[in-house]
Amino acid sequence: MRDLDLTDDAEFDDAPLTDEEVRQAAFGYISEAWADARADGVDTDAVAHAALFTALIDLVQTYGEDAVAKLAEGLPDRIRRGDYTTDRTLQ
């Protein structure tokens, strides 16, 4: 994967990032902010609620309430299916 640090003075590929690369970069930014908050003593539940609230606000502003409500309707099934479980064993 290409180095996504755009502050690096080294030359980099001018090709646009793939969707996967953009998602990985975004996840890295969120993970770093999460770790910083935890290092400052912010409770994990508070960070999680703030992250969800912020994400929902942005999604509603971008796509509207109906689209985000429809997205949220599918979350229980995805959660139960294990889509957000990182320590599960796949068979």
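Residues numbered from 1 in each chain as written. Predicted model: local features only at pLDDT ≥ 70, side-chain atom pairs only at ≥ 80, totals over all residues. Heavy atoms only, no water.

1. Focus: the overall build of the protein chain
For the record, the criterion: To qualify as a helix, a DSSP run of H or I must reach at least 4 residues; to qualify as a strand, a run of E must reach at least 2; elements of each kind are numbered from the N terminus. Per-residue accessibility, obtained with a 1.4 Å probe over protein chains only, is compared with the maximum for each type, and a residue is labelled buried under 20%, exposed over 50%, and partly exposed between these values. All accessibility values rest on the Shrake-Rupley procedure with a 1.4 Å probe; residue burial counts only the protein chains present in the view.
Across its full length, the protein chain carries four helices and zero strands. Taken from N to C terminus, the helices and strands of the protein chain fall in the order α-α-α-α. When each of the 91 residues of the protein chain is scored for burial, the buried share is 8%. By element, 55% of the accessible surface of the protein chain is carried by carbon and sulfur atoms, the whole surface being about 8100 Å².

2. Remarks on the pattern of salt bridges
Which entries qualify depends on this criterion: When a carboxyl oxygen of Asp or Glu lies within 4 Å of a side-chain nitrogen of Lys or Arg, that pair is called a salt bridge.
Counted under the stated rule, the structure contains two salt bridges. The residue Asp 83 makes a salt bridge to Arg 78 at a minimum N-O spacing of 3.0 Å. Judged by relative accessible area, which is 31%, Asp 83 ranks as partly exposed. Here Arg 81 makes a salt bridge to Asp 83, at a shortest N to O gap of 2.6 Å. A single network of salt bridges, built from pairs that share partners, joins Arg 78, Arg 81 and Asp 83.

3. Let's talk about the packing of helix α2 (residues 44–63) against helix α3 (residues 65–73)
Stated precisely, the cut-off is as follows: Orientation is described by axes fitted as lines to C-alpha atoms, over the contacting stretch for helices, and by angles from 0 to 180 degrees between their N-to-C directions. By definition in this entry, angles of less than 35 degrees are roughly parallel, angles greater than 145 are roughly antiparallel, angles of 65 to 115 are roughly perpendicular, and the rest are oblique. Here, residues are in contact when the closest pair of their heavy atoms is within 4.5 Å. Ten residues, namely Ala, Val, Leu, Ile, Met, Phe, Trp, Tyr, Cys and Pro, are considered nonpolar, four, namely Asp, Glu, Lys and Arg, are considered charged, and the remaining ones, Gly among them, are considered polar.
Between α2 and α3, the shortest axis-to-axis distance is 7 Å and the interhelical angle comes to 130°. On the basis of the axis angle, α2 is oblique to α3. Each of Leu 56, Leu 59, Val 60 and Tyr 63 in α2 lies in contact with α3, whose residues at this interface are Glu 65, Ala 67, Val 68 and Leu 71. Looking at side-chain class alone, the contact of α2 with α3 contains seven nonpolar, no polar and one charged residues.

4. A look at the packing of helix α1 (residues 19–39) against α2
Where we set the bar: Should the near helix be turned counterclockwise from the far one by less than a right angle, the crossing is left-handed, whereas a clockwise turn marks it as right-handed.
Interaxial distance between α1 and α2 falls to 10 Å at its minimum, and their mutual angle equals 145°. Between α1 and α2 the crossing geometry is right-handed. Facing α1, whose interface residues are Trp 34, Ala 37 and Arg 38, α2 presents Thr 44, Val 47, Ala 48 and Ala 51. Residues that form the contact of α1 with α2 fall into these classes: five nonpolar, one polar and one charged.

5. Topic: the confidence of the model for the protein chain
Heads up, the condition is: The pLDDT value expresses, per residue, how confident the predictor is, ranging between 0 and 100.
Mean pLDDT for the protein chain: 88, with 82% of residues reaching 70 or above. Confidence scores differ between elements of the protein chain, with α1 showing the lowest mean pLDDT of 95 and α3 the highest of 98.

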